[in-house]
Amino acid sequence: SDHDQEAARVVQAIVQLAGGKFVGKTNLFKAYYWAHRYFWRYHDGLLTRRERVVRMPNGPGIDDFQRLLVAMESDGLVRCDPGDGGYTPHVFHLERPVELSDAELDAITKAVLLIDGRSATSVSNESHARSRDWREGVNGQRLDPYFDEIDERTLRRMDRGLESVNNRMDDVFGADPR
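Everything in this summary refers to the structure shown in the same document. The structure presented is a predicted model; accordingly, all values stated were derived computationally and were not measured. (Residues numbered from 1 in each chain as written. Predicted model: local features only at pLDDT ≥ 70, side-chain atom pairs only at ≥ 80, totals over all residues. Heavy atoms only, no water.)

Observations regarding helix α1 (residues 2-17)
Here α1 contains 16 residues, and its C-alpha end-to-end distance of 22 Å stays within 8% of the 22 Å for a straight helix at 1.5 Å per residue. For α1, every residue scored as buried is listed here: Asp4, Glu6, Ala7, Ala8, Val10, Val11, Gln12, Ala13, Ile14 and Val15. Downstream of α1 by a residue or two, Gly19 has a phi angle that is positive, lying close to 95 degrees. (Helix = DSSP H or I, 4+ residues; strand = E, 2+ residues; numbered from the N terminus. Expected span 1.5 Å × (residues − 1). Buried < 20%, exposed > 50% of the residue type's maximum accessible area, 1.4 Å probe, protein only.)

Right, here's the structure in full:
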């Protein structure tokens, strides 16, 4: 699907911008999440039309990643040396470079630099602390990385605005009997 191709393109770009080799599936997931946030923050737009970010125990992850990875490997985009689930991490290798817009290059580079050289525990802890959507969600639930870019003050103002609209609707149409 187009959404799979968009997600694959971002993963491919992360590996490319890490020098053609990216170590660690957890770190890849966090780079993917942060690339979306940075794109929104610095370029006022969506990196992909459907982010494919879901809540996982160790922070935001890529939805249905195993299926996506199999497709990427069969298409010759990346190759993965799987980890052992313990001390040996997954290692992703770039097989085919991807062209990026200046905005994509900027946002994805920022994400890769944020993750570079850090442990999976460190990047997971940071994502827990800085993702409101992750903290309020349940495992498997879709997360919106762009929602996490809204500061608390703006969010409270939006909530008050919605409450005001709901009160006006109740005045006009009557309160919801639920």
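Some details on the packing of α1 against helix α3 (residues 65-74)
Axis separation between α1 and α3 bottoms out at 10 Å; the angle between their running directions is 75 degrees. The angle between α1 and α3 falls in the class roughly perpendicular. Residue-level inspection shows Asp4, Ala7, Ala8, Val11 and Gln12 of α1 in contact with α3, the latter providing Arg67, Leu68 and Met72. Within the contact of α1 with α3, the residues separate by chemical class into five nonpolar, one polar and two charged. (Axes fitted to C-alpha atoms, helices over the stretch in contact; angles between N-to-C directions. Parallel < 35°, antiparallel > 145°, perpendicular 65-115°, else oblique. Contact = heavy atoms within 4.5 Å. Nonpolar A, V, L, I, M, F, W, Y, C, P; charged D, E, K, R; others polar.)

Some remarks on the sheet that holds strand β4 (residues 78-81)
One open sheet accounts for three strands, arranged β1-β5-β4; its pairing is antiparallel. The sheet is open, and its two borders are formed by β1 (21-23) and β4, each paired with just one other strand. Averaged over all pairs of adjacent strands, the angle between their axes in this sheet comes to 20 degrees, without regard to strand direction. Note: β4 against strand β5 (residues 91-94), four bridges, orientation antiparallel. For Arg79, the partnering residue across the bridge sits in β5 and is His93. Along the sheet, helix α2 (residues 25-43) makes contact with β1 and β5, crossing β1 at roughly 110 degrees. (Pairing = 2+ DSSP bridges.)

Regarding the packing of α1 against α2
Two elements in contact, α1 and α2, have axes separated by 10 Å at closest approach and are oriented at 115 degrees. Taken together, α1 and α2 sit at an angle that is classed as roughly perpendicular. Both α1 and α2 take part in a crossing whose hand is right-handed. Note on element contacts: α2 touches α1 through Leu28, Ala31 and Tyr32, opposite Ala7, Val10, Val11 and Ile14. Of the residues contributing to the contact of α1 with α2, the split by class is seven nonpolar, no polar and no charged. (Left-handed = near helix turned anticlockwise from the far one by under 90°.)

Thoughts on the pairing of strand β3 (residues 59-62)
Relative to β3, strand β2 (residues 53-56) runs antiparallel, the two being bridged by four bridges. Residue Arg55 lies in a different strand from β3, and its bridge partner there is Pro60. Between β2 and β3, which pair antiparallel and follow one another directly, the connecting turn spans two residues.

Concerning the layout of surface pockets
One water molecule sets the probe size; rolling that probe over the atoms shows where empty space is left. Considered as a void within the structure, the largest pocket measures approximately 500 Å³ in volume. Phe22, Val23, Gly24, Lys25 and Asn27 are, among the 26 residues lining the largest pocket, the residues nearest its centre. Contributions of two or more residues to the lining of the largest pocket are made by β1, α2, α4 (102-115) and α5 (120-130). A total of four residues in the lining of the largest pocket trace back to one element, the largest contributor, which is α4. Residues of the lining of the largest pocket, tallied by class, amount to nine nonpolar, 13 polar and four charged. (1 Å grid on protein atoms, 1.4 Å probe; cavity = no way out; pocket = protein on both sides within 12 Å on 5 of 7 lines; lining within 4 Å. Points joined across faces, edges and corners; volume = space filled by probe spheres on them.)

So, the nonpolar core
Ranked by internal contacts, the top residues of the largest apolar core, which has 40 residues, are Ile14, Phe22, Tyr32, Phe65, Leu68, Phe92 and Ile108. Secondary-structure elements contributing two or more residues to this core are α1, α2, α3, β4 and α4. The element best represented in this core is α2, accounting for nine residues. Filtering out sequence-adjacent residues up to four positions away, Ile14 remains in contact with Phe22, Leu28, Ala31, Tyr32, Ile108 and Val112. (Core = buried A, V, L, I, M, F, W, Y, C linked by side-chain atoms within 4.5 Å.)

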